[in-house]
Number of protein chains: 2
Amino acid sequence: MAENTQHSHRPPSVSDITDMLAQHGIAHTQQRNKIAQILFARPQHLSADQVLERVNSEGNIASKATVYNTLGLFARKGLIRELIVDSSKVFYDSSTHAHHHFYHVDTGELQDINAQDLVVQHLPDLPEGSELERIDIIVRLRAKAE
Amino acid sequence: MAENTQHSHRPPSVSDITDMLAQHGIAHTQQRNKIAQILFARPQHLSADQVLERVNSEGNIASKATVYNTLGLFARKGLIRELIVDSSKVFYDSSTHAHHHFYHVDTGELQDINAQDLVVQHLPDLPEGSELERIDIIVRLRAKAE
DNA sequence: GTCAGTGCAAACCCTTTGCAGAAAG
DNA sequence: CTTTCTGCAAAGGGTTTGCACTGAC
């Protein structure tokens, strides 16, 4: 049974990937499969450039345009999450469940914070006519100056 | 007495601006003064482009390079705060006191949330060797689909 | 055969930089 | 005078796009 999802911490099988794409209404192609395999190998935060590099690390699988287009598609379809943390590039998070992030400003490294470890006490009333999309919490860290 | 600061909600006078720059170790020039006047006229969130436009709305005061350089300088010196909210551009917040933001994803509009209206219940232990720089909370909103 | 997906290169846009000239003290 | 700041234009870097080609049903 193909019950792995992007929430699992075990690498999904090829058929899990196929199912995952299908469930989100995404046609599967060689390139999309490979990109999904890389993303969902484990919970991680990758830039488009890093994905491109890994996709083609063992042969030419996908072009830059396809990687960008595919990451955008996956994000729109809810398979992955765009993280806006750094003004110079976007990161893609292969975990979409509610959680937050440490961001090491010196290294550019991202690290998960479990949702239950960082709870918002009381959300203020939302402005008229708007509804909540999501709450992003970024805890910015720097190397400790001893 | 020039007691207005960027925390005030009353537009600071010219001499307040001069003092503010001096207190942050920034030499004052015609361009920097004008940019500061625009930023601190009221608490607001402006992109570099918006600042550029306003600076030159009544005559050529500063070039694009100067506006970018000055905003970067002000942010490094702590007069203003860089907001990373949108992958396409940086916003500068003329309020540096602790507070958070609503972000209307449809319109790109930013709105303040008072720090006391959105409290983090318990911060998880920070990773070894790191110290807190700051916590950014962005409440992303979309137009309500009625 | 049809239509969606892909690849390439060029375009884009925000931002940064190099360097010569201007301004401030 | 000397040093810092400014302006211009060009370069930079991540991302998007136009369009012809490919490939899957």
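First, a word on what this report is: a plain description of the structure on this page.

Criteria and thresholds
For every chain, the first residue of the written sequence is number 1, and numbering continues from 1 along that sequence. Chains carry letters and ligands carry numbers; both start at the beginning, A for chains and 1 for ligands, and go up in the order they are written. Only residues with pLDDT of 70 or above have their local features reported here, since the model is predicted, and side-chain atom pairs are shown and tallied only from 80 upward, although totals for entire chains, interfaces and linings are computed over all residues. Computation of side-chain values covers all heavy atoms of the structure but excludes hydrogens and water. Nearness is judged by heavy atoms alone; a residue qualifies as near a molecule or strand once a single heavy atom is within 4 Å of it. Two N or O atoms form a polar contact when they lie within 3.5 Å of each other; inside protein one atom must be a possible hydrogen donor and the other a possible acceptor, and for residues adjacent in sequence the pair counts only when both atoms belong to side chains. Only DSSP runs of H or I with at least four residues qualify as helices, and only runs of E with at least two residues qualify as strands; both kinds are numbered from the N terminus onward. Only Asp, Glu, Lys and Arg are considered charged, only Ala, Val, Leu, Ile, Met, Phe, Trp, Tyr, Cys and Pro nonpolar, and every remaining residue, Gly among them, polar. For two strands to count as paired, DSSP must find a minimum of two bridges between them. Lines fitted to C-alpha atoms define the axes, with helix axes restricted to the stretch in contact, and inter-axis angles between N-to-C directions lie between 0 and 180 degrees. What makes two residues a contact is simply this: any of their non-hydrogen atoms within 4.5 Å. The copies were overlaid by least squares, fitting only the C-alpha atoms of residues that reach a pLDDT of 70 or more in each copy. Categorising residues by exposure relies on relative accessible area from a 1.4 Å probe, with only protein chains included: less than 20% of the type maximum marks a residue as buried, more than 50% marks it as exposed, and the intermediate range marks it as partly exposed.

1. Brief notes about the protein's contact with DNA strand C
For step 1, the next point in the chain: Looking at DNA strand C, there are 17 residues lining it, with Thr29, Ser63 and Thr66 of chain A together with Tyr68 and Val90 of chain B nearest.
For step 2, the next point in the chain: Taking all atoms of DNA strand C within 4 Å of the protein, the share assigned to sugar and phosphate is 80%.
For step 3, the next point in the chain: Interatomic distance of 3.2 Å between a side-chain N/O atom of glutamine 31 of chain A and a sugar or linking oxygen of DNA strand C.
For step 4, the next point in the chain: Within the side chain of threonine 66 of chain A, one N or O atom sits 2.6 Å away from a phosphate oxygen of DNA strand C.
For step 5, the next point in the chain: Elements with a minimum of two residues in the surface near DNA strand C: α2 (30-40) and α4 (64-77) of chain A together with α4 (64-77) and β3 (89-93) of chain B.
For step 6, the next point in the chain: Per-element tally for the surface near DNA strand C: the top contributor is α4 of chain B, with four residues.
For step 7, the next point in the chain: Broken down by class, the residue content of the surface near DNA strand C amounts to eight nonpolar, six polar and three charged.

2. Some details on the sheet that holds strand β2 (residues 81-86) of chain B
Residues and elements named next belong to chain B.
For step 1, the next point in the chain: One open sheet holds the three strands; their spatial order is β1-β3-β2, and the pairing between them is antiparallel. The sheet is open, and its two edges are formed by β1 (45-47) and β2, each paired on a single side. Sheet twist, expressed as the mean angle between neighbouring strand axes with direction ignored, is 40 degrees.
For step 2, the next point in the chain: In this sheet, β3 lies alongside β2 in antiparallel orientation, the contact comprising four bridges. Each residue of the ladder has a partner; that of leucine 83, found in β3, is phenylalanine 91.
For step 3, the next point in the chain: Its contacts with the sheet put helix α3 (residues 48-55) on β1 and β3, and the angle it makes with β1 is roughly 90 degrees.

3. Considerations on the relation of the copies chain B and chain A
For step 1, the next point in the chain: Of the transformation superimposing chain B on chain A, the axial component is 0.0 Å and the angular component is 180 degrees, with the fit at an RMSD of 0.1 Å. Here the two chains are linked by the operation of a two-fold rotation axis.
For step 2, the next point in the chain: Both copies share a contact surface, since 100% of the interface residues of chain B are interface residues in chain A too.

4. Brief notes about the pairing of strand β4 (residues 99-104) of chain A
Residues and elements named next belong to chain A.
For step 1, the next point in the chain: Of all six residues that make up β4, six are buried, and the element is covered over most of its length.
For step 2, the next point in the chain: Side chains His99, His101 and Tyr103 of β4 all project onto a buried face; the interleaved residues His100, Phe102 and His104 project onto the opposite face, where all are buried too.
For step 3, the next point in the chain: Where β4 meets strand β5 (residues 109-114), six bridges bridge the pair, whose relative direction is antiparallel. Bridge pairing links histidine 101 to aspartate 112 in β5.
For step 4, the next point in the chain: Here β4 folds back onto β5 in antiparallel fashion, the turn holding four residues, of which glycine 108 has a positive phi close to 80 degrees.

5. Digging into the side chain of glutamine 44 of chain A
Residue and element names in this part refer to chain A.
For step 1, the next point in the chain: Structurally, glutamine 44 is set in the loop between α2 and β1 (45-47).
For step 2, the next point in the chain: For glutamine 44, a relative accessible area of 5% corresponds to the buried category.
For step 3, the next point in the chain: If sequence neighbours within four positions are ignored, glutamine 44 has contacts with Ile38, Leu39, Arg54, Tyr92, Asp93 and Ser94.

6. Topic: the side chain of serine 47 of chain B
Residue and element names in this part refer to chain B.
For step 1, the next point in the chain: If you trace the backbone, serine 47 turns up in strand β1.
For step 2, the next point in the chain: Accessibility expressed as a relative area gives 4% for serine 47, which makes it buried.
For step 3, the next point in the chain: The contact partners of serine 47, leaving out residues within four places of it in the chain, are Lys89, Val90 and Phe91.

7. Quick look at the protein's contact with DNA strand D
For step 1, the next point in the chain: Taken together, 16 residues lie near DNA strand D, and Tyr68 and Val90 of chain A together with Thr29, Ser63 and Thr66 of chain B sit nearest.
For step 2, the next point in the chain: When the atoms of DNA strand D within 4 Å of the protein are sorted by group, sugar and phosphate make up 80%.
For step 3, the next point in the chain: At 2.8 Å, a side-chain N or O of tyrosine 68 of chain A approaches a phosphate oxygen of DNA strand D.
For step 4, the next point in the chain: Contacts to DNA strand D include valine 90 of chain A, whose backbone N or O atom sits 2.9 Å from a phosphate oxygen.
For step 5, the next point in the chain: Examining the composition of the surface near DNA strand D, we find that four residues originate from one element, α4 of chain A, more than from any other.
For step 6, the next point in the chain: Of the residues in the surface near DNA strand D, the class split is seven nonpolar, six polar and three charged.

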